[in-house]
Amino acid sequence: MTDKTEIAAMESYFQRLWPIMRSITGHGVRQSHDILSELVPFERFEVPTGTKCFDWIVPKEWVCREAYVIAPGGRRILDIRENTLHLLNYSIPFRGRMTLAELDKHLFSLPEIPDAIPYKTSYYSPRWGFCLSHQMREGLQDGIYEVVVDTDHIDGSLTISQAILPGETADEVLISTYTCHPSMANNELSGPLVSAFLYRRLALLPRRRLTYRFVFLPETIGSITFLSMFGTHLLEKLVAGFVVSCVGDARPFTYMKSRRGDTIADRAAQVVLTKRTDNLFHLLDFDPNGSDERQYCSPGFNLPVGVIARALYGEFREYHTSLDNRDFISFEAMSNSVDVCFEICHTIDRNLTYCRTMPFCEPQLGRRGLYESVGGVQVTEERAKTLLWLLNLADGEHDLIRMAVRSKMPFDLFHELAETCVKAGLLKSVNKSL
Amino acid sequence: MTDKTEIAAMESYFQRLWPIMRSITGHGVRQSHDILSELVPFERFEVPTGTKCFDWIVPKEWVCREAYVIAPGGRRILDIRENTLHLLNYSIPFRGRMTLAELDKHLFSLPEIPDAIPYKTSYYSPRWGFCLSHQMREGLQDGIYEVVVDTDHIDGSLTISQAILPGETADEVLISTYTCHPSMANNELSGPLVSAFLYRRLALLPRRRLTYRFVFLPETIGSITFLSMFGTHLLEKLVAGFVVSCVGDARPFTYMKSRRGDTIADRAAQVVLTKRTDNLFHLLDFDPNGSDERQYCSPGFNLPVGVIARALYGEFREYHTSLDNRDFISFEAMSNSVDVCFEICHTIDRNLTYCRTMPFCEPQLGRRGLYESVGGVQVTEERAKTLLWLLNLADGEHDLIRMAVRSKMPFDLFHELAETCVKAGLLKSVNKSL
Amino acid sequence: MTDKTEIAAMESYFQRLWPIMRSITGHGVRQSHDILSELVPFERFEVPTGTKCFDWIVPKEWVCREAYVIAPGGRRILDIRENTLHLLNYSIPFRGRMTLAELDKHLFSLPEIPDAIPYKTSYYSPRWGFCLSHQMREGLQDGIYEVVVDTDHIDGSLTISQAILPGETADEVLISTYTCHPSMANNELSGPLVSAFLYRRLALLPRRRLTYRFVFLPETIGSITFLSMFGTHLLEKLVAGFVVSCVGDARPFTYMKSRRGDTIADRAAQVVLTKRTDNLFHLLDFDPNGSDERQYCSPGFNLPVGVIARALYGEFREYHTSLDNRDFISFEAMSNSVDVCFEICHTIDRNLTYCRTMPFCEPQLGRRGLYESVGGVQVTEERAKTLLWLLNLADGEHDLIRMAVRSKMPFDLFHELAETCVKAGLLKSVNKSL
């Protein structure tokens, strides 16, 4: 389905979501989730301000009506209608006149990337501020500036949207993505868009063994809130999970392992990426300096959750600036990210463990039409080799992913042959998590 | 004993065995085993056609009286008396006249090696055919050909020959080799010849701790039949085993590990080959696309059986063709293969585990005459170093092979020093399989 | 404290210790320990000749009054007052006149290093002899030589000095060094000097969690005797130990792991040396051909004891010759060796294991002032990253050294942050040896 329709649809949703002023809470988030709910049938959770979630408290909801500065010449600058990054995200309200020197204390720019507006937030320390390119900052004239920050922090709620694709078993795969950054492309919209289109592809599967839980939430406080609601359930049911983030650029994929490092999530991602990229992807060990996997992999949960990305957050120069925009990403690449995520999920879904019904010696394959009937030739075919690997490793200790890793033969072929062998009475599936 | 007598004897047996038409069953196999029984006192098992062995049934015995084709000019071609490979092995009987076009459907040749006659079989699909060089096939004239395939498939038996060299314990080492291919040198006669001469060398040992079981059988169906008879016993008693195959050429050795990968068989083969070849040998992980190790290492048995070879089956161009002939092999190399196999077996035989009688600190070696009496010199000697390694690692957890691997000191020296230390009362042997 | 005072003090003690005729027992050892006791408050053990220690017996005490040879011209040569190495150490007494040919049977020299006097001993075989440079030996004139070896072997005792620095717990770190070689610099005096000054630095610590046991003893027989007295105690209490030897030259450090290979001693040494040397140090696996670690790591004890050295014994050309003298070593390097030993001990002392008090998700660090309050910036700081690693790995399964190894963040920072987090109520220390 990596087709032009999907690519065009992604671009269209991107354009609608781009200009919205998002933050960890508030109207922008809800507006964004409303749009995404056209793609994914969300269940919406509104968690009230003040709710205690482990060590955290759901913060006030941010209302942002308008924000700009009137320069000495009367020109309106730093208007969030021009670029949502201009306002220090979660700013407290302010109205007033001041000199450039006074204003400057509230300005943020990046001397090392002078044409980029930085993205800055102040969630837990009440202040206001504006972000601008260093070029623009250098050009500001002396004089009196009028500042308007028409915001509010009210008792409201934090928004989490969830959608569940039920499968034959209650064992779950989690897809977690965040929707709390304003107008940025790779490190904001790519995650929710790839997740939403992944949902649609999985929904089309005629059969799912596993249940898929998709969550769209603000980073950190959102995953903490979510875990306070569903963490116990996930501890019991989660087989694999992925934080999907920064998947919009055309660079090589990155997979960061879960804290445990050898979960089914980790092995599935590696086996799929090795095959699809000819081993040209970045494989990283877990590092607790990242996104929501920090919470999923906190020591009390230690869930099997890794990160699927391309250029990882912080690894690209455009990160957290206005340069992370539509020019930085590619919708073809984004659709390819959906392909990879889908194949990882589909691999996990089919990752069963098998036992031979009669484990002594090889079965007589010729008699069952499972083997070439003219012998004496070197068994070169991938299919025949994979079949022998399958029959040899079907000992209840190797799931199909482990077989693919050990033999270097394709997972899909193992799965197909396993189904054939089950029908032929040679294998039976074992209920066992490895 | 790697002497000219052995080499000459090997060559003489090779010449007698070469022209025989062997297959998985039948007269040629028995004739071959009769010849080999001059070297090894075989116990012969004749397993009747129709006997059920796990998922398999012992097939009919093949009778092959003659097979040839009369070409249009009256010349007899493709006669098995000229080369046993000419007949598709296990062919059904046929007599008749036909055009070249009709005959051609029954011909097999290798365009990529035009001067080689391929070796082809059809055990489980009834058909007849002839194999020839592609050069010859291209030169066949139009006209009427007369085909004679005077064969039969009768109720008979499958032949397995076994010889046991008893040792002090019932723990066993298995040597398995196959005798089911017609006139080929490396991938047929080298295995039985090396195994037979290995038997003779082991038989000369004044003392054997372990019992050695040698089996000569047809590939696949033979090892399956053998396992149906002795598999349960081997599960209990087998310490190490080796499939000996393709050991006739002068190329570097190959060792393919057992499925378990770290058995005594695997460690002994590695320690011996590392020393004898200066680490220039191929070490392969288990792959279930090979010879009889597929059955020995099937999940229900999972026996400690590896493969000793030089150029592995399928890794040399001459494999399964008429080019795998006497010119391809070397009797000196074959005798050297006996050396290696003997040393591997002898290493396993002496691979005991030891404990210090008094494990605290080093014993006073000088007093016992076990150490140089003028101290103060750097202890450089291999002998002194090995002695300290032995006394340090004699903790009941390291067998002598593990000591040799960890210390990089020679196994033989460990064994000699261990015996000395037992006599000196410093060590005692521990009954323990590691 | 790596200051000029320490360096000057080391040199001054070196000069006093240098000329003393030491051996495994006797007056020279006691004289040396008397001098070192100015630095370390020794408890002295005198173990009587004849005492049984495991397989060994404490030998007679060696008395050495004078030893020299009168050459044919009347010149006194090979006098131990000129160089203590001239006498075969532990020589039996002898007085007599003989030809050069007869004398030559008692001479030791090194043709491959003709200007060096070798160091030779004969502890367990009664003989006398002299050591000299090969150059000198080649120049000896024919004639009658008068030999005086005024020594004695008397019932006396073997000297071991010990000092204990008590800590909050009875768990121990052992520092073991030897004092049995006559005038050599690196392979004798560097070990006791570094150990003595290490003692002084550890004594200055305001707080020690662990107890430190320092032992100064003759090599081999000394550690065996010591283990016969304290081995059982060490089996119960020893957390980590180090043989300190050959630490006087300015070459790269060497760490040889304990026999177990992954003890706290091994991990602490590696984490400290990796950091301090930018990974430019030699890391060796245990080898039982060394110094007293042979006894500590004998199979019955198998204690967590490694070796801290620079150029390891036997790895430098000057080893066990008169060239291992003051020119070969550097007091700056020796003081740097104290630095490294101190940091290794101090790392072990602070190597606690922690658990999160509330292990679910991350704690809210901002609220506690533990985190930067302006978010939205890439978390680049070492401090912030280390804090997240600490909170993530504080699961009772990672001690601080394991955290430092896994994260590649500094141990010291982990320790500082752990104390901060304990005060903030986020972590608690777990009583657990890992």
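Rules and cut-offs
- Residues numbered from 1 in each chain as written.
- Chains lettered and ligands numbered in written order.
- Predicted model: local features only at pLDDT ≥ 70, side-chain atom pairs only at ≥ 80, totals over all residues.
- Heavy atoms only, no water.
- Helix = DSSP H or I, 4+ residues; strand = E, 2+ residues; numbered from the N terminus.
- Buried < 20%, exposed > 50% of the residue type's maximum accessible area, 1.4 Å probe, protein only.
- Contact = heavy atoms within 4.5 Å.
- Areas by Shrake-Rupley, 256 points an atom, 1.4 Å probe, with all protein chains shown as cover.
- Lys, Arg positive; Asp, Glu negative; His and termini not counted.
- Charge placed at Lys NZ, Arg CZ, Asp CG, Glu CD.
- Pairing = 2+ DSSP bridges.
- Axes fitted to C-alpha atoms, helices over the stretch in contact; angles between N-to-C directions.
- Least-squares fit on C-alpha atoms with pLDDT ≥ 70 in both.

## Some words on the overall build of chain A
Phase 1 of the analysis: Helix and strand counts for chain A come out as 12 helices and 19 strands.
Phase 2 of the analysis: Projected onto its principal axes, the C-alpha coordinates of chain A cover approximately 90 × 40 × 35 Å.
Phase 3 of the analysis: Per-residue burial for chain A yields a buried fraction of 61% across its 434 residues.
Phase 4 of the analysis: The long-range fraction of contacts in chain A, counting pairs at least 24 apart against all pairs at least 6 apart in sequence, stands at 80%.
Phase 5 of the analysis: Carbon and sulfur atoms make up 50% of the accessible area of chain A, which amounts to about 16200 Å² in all.
Phase 6 of the analysis: Treating the 47 positive side-chain charges of chain A as one cloud and the 54 negative ones as another, the clouds have centres 4 Å apart.

## Comments concerning the pairing of strand β16 (residues 305–309) of chain A
Residue and element names in this part refer to chain A.
Phase 1 of the analysis: Buried residues dominate β16, accounting for 5 of its 5 residues.
Phase 2 of the analysis: Of the two faces of β16, the one holding Val305, Val307 and Ala309 and the one holding Gly306 and Ile308 are both buried throughout.
Phase 3 of the analysis: In the sheet, strand β13 (residues 238–244) pairs with β16 via 4 bridges, with the strands oriented parallel. For Val243, the partnering residue across the bridge sits in β16 and is Val307.
Phase 4 of the analysis: Bridge analysis of strand β14 (residues 254–256) against β16 gives 3 bridges, and the strand direction is antiparallel. The partner of Thr254 across the bridge, within β16, is Ala309.

## Considerations on the sheet that holds strand β19 (residues 427–430) of chain B
Note on sheets: strands pair through backbone hydrogen bonds, and any given pair is parallel or antiparallel.
Residue and element names in this part refer to chain B.
Phase 1 of the analysis: Here 3 strands make up an open sheet; going across it, the order is β18-β17-β19 and the pairing antiparallel. This sheet does not close on itself; its edge strands, each paired only once, are β18 (395–399) and β19. Strand-to-strand twist across the sheet, computed as the mean angle between neighbouring axes with direction ignored, equals 35°.
Phase 2 of the analysis: Two elements, strand β17 (residues 353–356) and β18, share 2 bridges in a ladder whose sense is antiparallel. Bridge pairing in β18 places Thr353 opposite Asp399.

## A closer look at the pairing of β17(B)
Phase 1 of the analysis: Both β17(B) and β19(B) contribute to a ladder of 4 bridges, which runs antiparallel. For B:Arg356, the partnering residue across the bridge sits in β19(B) and is B:Leu427.

## Examining the environment of B:Thr5
Phase 1 of the analysis: Within the fold, B:Thr5 resides in helix α1 (residues 4–17).
Phase 2 of the analysis: For the pair B:Thr5 and B:Met358, spaced 353 residues apart in the sequence, the C-alpha separation amounts to 49 Å.

## Quick notes on the relation of the copies chain A and chain C
Phase 1 of the analysis: Mapping chain A onto chain C is achieved by rotating through 120° and translating by 0.0 Å along the same axis, at an RMSD of 0.1 Å. A rotation of that kind, with that shift, is consistent with a three-fold axis. No C-alpha of chain A approaches the rotation axis more nearly than that of A:Asp262, which lies at 13 Å.

On their own, these measurements won't tell you what the molecule is for.
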